[in-house]
There are 2 protein chains.
Amino acid sequence: MTEKDNKEASKATVLRLPIYLRYLKRIQKEGVSVISSTRLATDISLNPVQVRKDLSSISSGAGKPKVGFKVQELIFEISNFLGYDNTNDAVLVGVGRLGTTLLNYSGFNNYGLNIIAGFDTNSEVIGKTIANKPVYDISELPSIVKKHSIKMGIITVPKENAQKICNLMINSGIVAIWTFSHIHLKIPDNVVIKYEDMGASLALLSNQLRTLLSKK
Amino acid sequence: MTEKDNKEASKATVLRLPIYLRYLKRIQKEGVSVISSTRLATDISLNPVQVRKDLSSISSGAGKPKVGFKVQELIFEISNFLGYDNTNDAVLVGVGRLGTTLLNYSGFNNYGLNIIAGFDTNSEVIGKTIANKPVYDISELPSIVKKHSIKMGIITVPKENAQKICNLMINSGIVAIWTFSHIHLKIPDNVVIKYEDMGASLALLSNQLRTLLSKK
DNA sequence: TAGATTGTTAATCGATTAACAATC
DNA sequence: TAGATTGTTAATCGATTAACAATC
């Protein structure tokens, strides 16, 4: 089932990989070249078996008993698996506060994401350049997406307009959508979507907080 | 085990509740007063049984066969369960781009979160007021947190400083931490933490995108 | 060699979904 | 009444963890 160089990983695993990667990059900087799964797991509060399973599910290189894993190698394998090497170009629609923050955020490079332009309907931002990224009128989206064969779109518009923008993106050829608008979007089967929902995160945290406080 | 008015809900359920809530508020605005779990589930691409289980796990009021659930009632019950009624005051440390965006974001009210102040070490932002929230010198954090009995802290500082800020918060009496810094923080057992990790989200999405593209 | 660490199989845990009786 | 919808029990699925043999 699983072919070489095209391994599958569970959703839960994929969510942990960037955490491993960040950790590995950090210790590499500190001069560490070999790490045991036990140590790695302890340092990020995870189960060592889980770490080993995650690593073995994506990596062909193996760890050495008694020694551990080569940091360099793991960084390479994880980056590779996550596709951080061959960058994803993306467009962002909705250059408001959040959109501007995302355009400005330089850390996305580390995740293989490259936002090439922003789009909006507001003439006050159209024509501006934010962190070297031009802001175009939304009407130019289809041609630019097609021209650069862009597959990923980021939605940071008010929720009332999110579905409209989503449709526009899909019609222009985008097949992966990352949305920060708090509304469920209707999409065809062949499009993938990820809802970024800080409200849900916050709900979980405040729920835990309540449980914590009520225990006292 | 489960007492009245103090129900427990699984982590997965808690993460879905804000989604239900948003949906319910939207349809209420549109004049809908009764909704079936079937319909709700379809509209947000979930399984109806799951929705009913989630609702029954937090709500004492029941749905009526053939009719459905009262929208008003559900909104009340979910808000209540999530604690969106009795607001959580919070402080935010790190008034950079992301911190500023969060201070400006008005939507947190809907989640029962009220950021009362920002803190930083940068004299350029100290003394400013962002969206009616004062920005103080970090040295004032302990006294303000104690004075207002604040339980929640938001960390938006560079990762190098995150642990230091985390410690300061905990020493000042904060027991729930929401961090946007991409680093694992060491905390005592009686503190809850939620890592907001856009990198992980992005990893999942680009992984799905790759799978999608390779299938074609 | 001895023992720390790996990789994997089996057991457990938790969450989702299928099946179905109850009921408005 | 008939049938749509609820609430719950049982079955399934997926992810985590425990147990342990392999090995450097």
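Remember, it's a predicted structure, so these values are computed and weren't measured experimentally.

Some details on the overall build of chain A
Across its full length, chain A carries 8 helices and 9 strands. Counting only C-alpha atoms, chain A reaches 60 × 50 × 40 Å along its principal axes. Burial statistics for chain A: of 216 residues in total, 49% are counted as buried. Carbon and sulfur atoms form 50% of the exposed surface of chain A, whose accessible area is close to 10900 Å².

Things to note about the interface of chain B and chain A
With 58 residues of chain B at the contact, the number on the chain A side is 58 residues. Applying the counting rule to chain B against chain A returns 2 salt bridges. With its nearest N and O atoms 2.6 Å apart, the salt bridge here joins Arg22(B) to Asp197(A). Breaking the side of chain B that touches chain A down by element, the ones donating at least two residues are helix H1 (11-29), helix H4 (71-82), helix H5 (97-104), strand S8 (176-179), strand S9 (192-195) and helix H8 (198-215) of chain B. If one sorts the elements of the side of chain B that touches chain A by residue count, H8(B) sits on top with 15 residues.

Side note on the relation of the copies chain B and chain A
The pair of chain copies shares a relation made of a rotation about an axis and a shift along it. It takes a turn of 180 degrees to lay chain B on chain A, together with a shift of 0.0 Å along the axis; the resulting RMSD is 0.0 Å. A rotation of that kind, with that shift, is consistent with a two-fold axis. Minimal C-alpha distance to the rotation axis in chain B is attained by Thr101(B), lying at 3.6 Å. A high fraction, 100%, of the interface residues of chain B reappear at the interface in chain A, so the copies pair face to face through one surface.

With respect to the packing of helix H5 (residues 97-104) of chain A against H5(B)
As a packed pair, H5(A) and H5(B) sit with axes 10 Å apart at the nearest point and diverge in direction by 170 degrees. Between H5(A) and H5(B), the angle falls in the class roughly antiparallel. Between H5(A) and H5(B), the contacting residues are Arg97(A), Leu98(A), Thr101(A) and Asn104(A) on the first element and Arg97(B), Leu98(B), Thr101(B) and Asn104(B) on the second. Classifying every residue of the contact of H5(A) with H5(B) gives 2 nonpolar, 4 polar and 2 charged.

As for the protein's contact with DNA strand D
Inspection of the region around DNA strand D gives 24 residues, with Arg16(A), Ser37(B), Arg52(B), Gly63(B) and Lys66(B) positioned closest. Here the atoms of DNA strand D within 4 Å of the protein split so that 60% fall in sugar or phosphate, with bases taking the remainder. One of the side-chain N or O atoms of Arg16(A) is found 2.8 Å from a phosphate oxygen in DNA strand D. Interatomic distance of 2.5 Å between a side-chain N/O atom of Ser37(B) and a phosphate oxygen of DNA strand D. Breaking the surface near DNA strand D down by element, the ones donating at least two residues are helix H1 (11-29) and helix H3 (48-58) of chain A together with helix H2 (37-43) and helix H3 (48-58) of chain B. Its residues assigned to classes, the surface near DNA strand D comprises 7 nonpolar, 8 polar and 9 charged.

Considering the pairing of strand S3 (residues 88-93) of chain B
All names here are of chain B. Of all 6 residues in S3, 5 are buried; the element is thus mostly enclosed. Across 6 bridges, the pairing between S3 and strand S4 (residues 113-120) is parallel. Residue pairing across strands places Val-93 opposite Phe-119, the latter belonging to S4. For S3 and strand S7 (residues 152-155), the ladder comprises 4 bridges, and the chain directions are parallel. Counterpart to Val-91 in the pairing with S7 is Gly-153.

Structural notes on unusual backbone geometry
Here the phi dihedral of Lys66(A) falls at roughly 75 degrees; this positive angle occurs in a residue that is not glycine. Residue class for Lys66(A) comes out exposed when judged on its relative accessible area of 86%.

Quick word on the environment of Ala41(A)
Residue and element names in this part refer to chain A. Mapping Ala-41 onto the fold places it in helix H2 (residues 37-43). C-alpha of Ala-41 to C-alpha of Tyr-20: the two residues are 21 residues apart in sequence and 9.2 Å apart in space. Filtering out sequence-adjacent residues up to four positions away, Ala-41 remains in contact with Leu-46, Asn-47, Pro-48 and Val-51.

Describing H8(B)
All names here are of chain B. Here H8 contains 18 residues, and its C-alpha end-to-end distance of 26 Å stays within 8% of the 26 Å for a straight helix at 1.5 Å per residue. Of the positions making up H8, those classed as buried are Met-198, Gly-199, Ala-200, Ser-201, Leu-202, Ala-203, Leu-204, Leu-205, Ser-206, Asn-207, Leu-209 and Leu-212. Between the side-chain oxygen of the N-cap and the backbone nitrogen of Gly-199 there are 3.0 Å, and the N-cap of H8 in question is Asp-197.

A look at the side chain of Asp54(B)
Residues and elements named next belong to chain B. When you line up the elements, Asp-54 lands in helix H3. A distance of 2.5 Å separates polar atoms of two side chains, one belonging to Asp-54 and the other to Tyr-20. Not counting chain neighbours up to four residues away, the residues in contact with Asp-54 comprise Thr-13, Arg-16 and Tyr-20.

Some details on the packing of aromatic side chains
Residue and element names in this part refer to chain A. The full count for this structure, using the stated rule, is 10 aromatic pairs over all chains. Ring geometry for Trp-178 and Phe-180: centres 5.0 Å apart, planes at 55 degrees, overall tilted. Members of the aromatic cluster, each reached through a chain of ring pairs, are Tyr-105, Phe-108, Trp-178 and Phe-180.

Focus: the domain arrangement of chain A
Each assigned domain of chain A is listed with its residue range as follows: domain 1 (11-81) and domain 2 (88-199). For domain 1 of chain A versus domain 2 of chain A, the distance between C-alpha centres works out to 32 Å.

Quick word on the sheet that holds strand S5 (residues 129-130) of chain B
Residue and element names in this part refer to chain B. Strand order in this open sheet of 7 strands is S5-S6-S4-S3-S7-S8-S9, and the pairing throughout is mixed. Pairing within the sheet leaves two strands with one partner each, and these edge strands are S5 and S9. One ladder, built from 2 bridges, connects S5 with strand S6 (residues 133-137); its direction is antiparallel. Residue Thr-129 lies in a different strand from S6, and its bridge partner there is Pro-134. Here helix H7 (residues 159-172) sits on the sheet in contact with S3, S7 and S8, set at roughly 170 degrees to S7.

Thresholds, definitions, all that
Residues numbered from 1 in each chain as written. Chains lettered and ligands numbered in written order. Predicted model: local features only at pLDDT ≥ 70, side-chain atom pairs only at ≥ 80, totals over all residues. Heavy atoms only, no water. Helix = DSSP H or I, 4+ residues; strand = E, 2+ residues; numbered from the N terminus. Buried < 20%, exposed > 50% of the residue type's maximum accessible area, 1.4 Å probe, protein only. Areas by Shrake-Rupley, 256 points an atom, 1.4 Å probe, with all protein chains shown as cover. Contact = heavy atoms within 4.5 Å. Salt bridge = Lys/Arg side-chain N within 4 Å of Asp/Glu carboxyl O. Least-squares fit on C-alpha atoms with pLDDT ≥ 70 in both. Axes fitted to C-alpha atoms, helices over the stretch in contact; angles between N-to-C directions. Parallel < 35°, antiparallel > 145°, perpendicular 65-115°, else oblique. Nonpolar A, V, L, I, M, F, W, Y, C, P; charged D, E, K, R; others polar. Near = heavy atom within 4 Å. Polar contact = N/O pair within 3.5 Å; in protein donor to acceptor, adjacent residues only side chain to side chain. Pairing = 2+ DSSP bridges. Expected span 1.5 Å × (residues − 1). Phe/Tyr/Trp six-rings, centres within 6.5 Å; stacked < 30°, edge-to-face > 60°. Domains from an automatic or database assignment.

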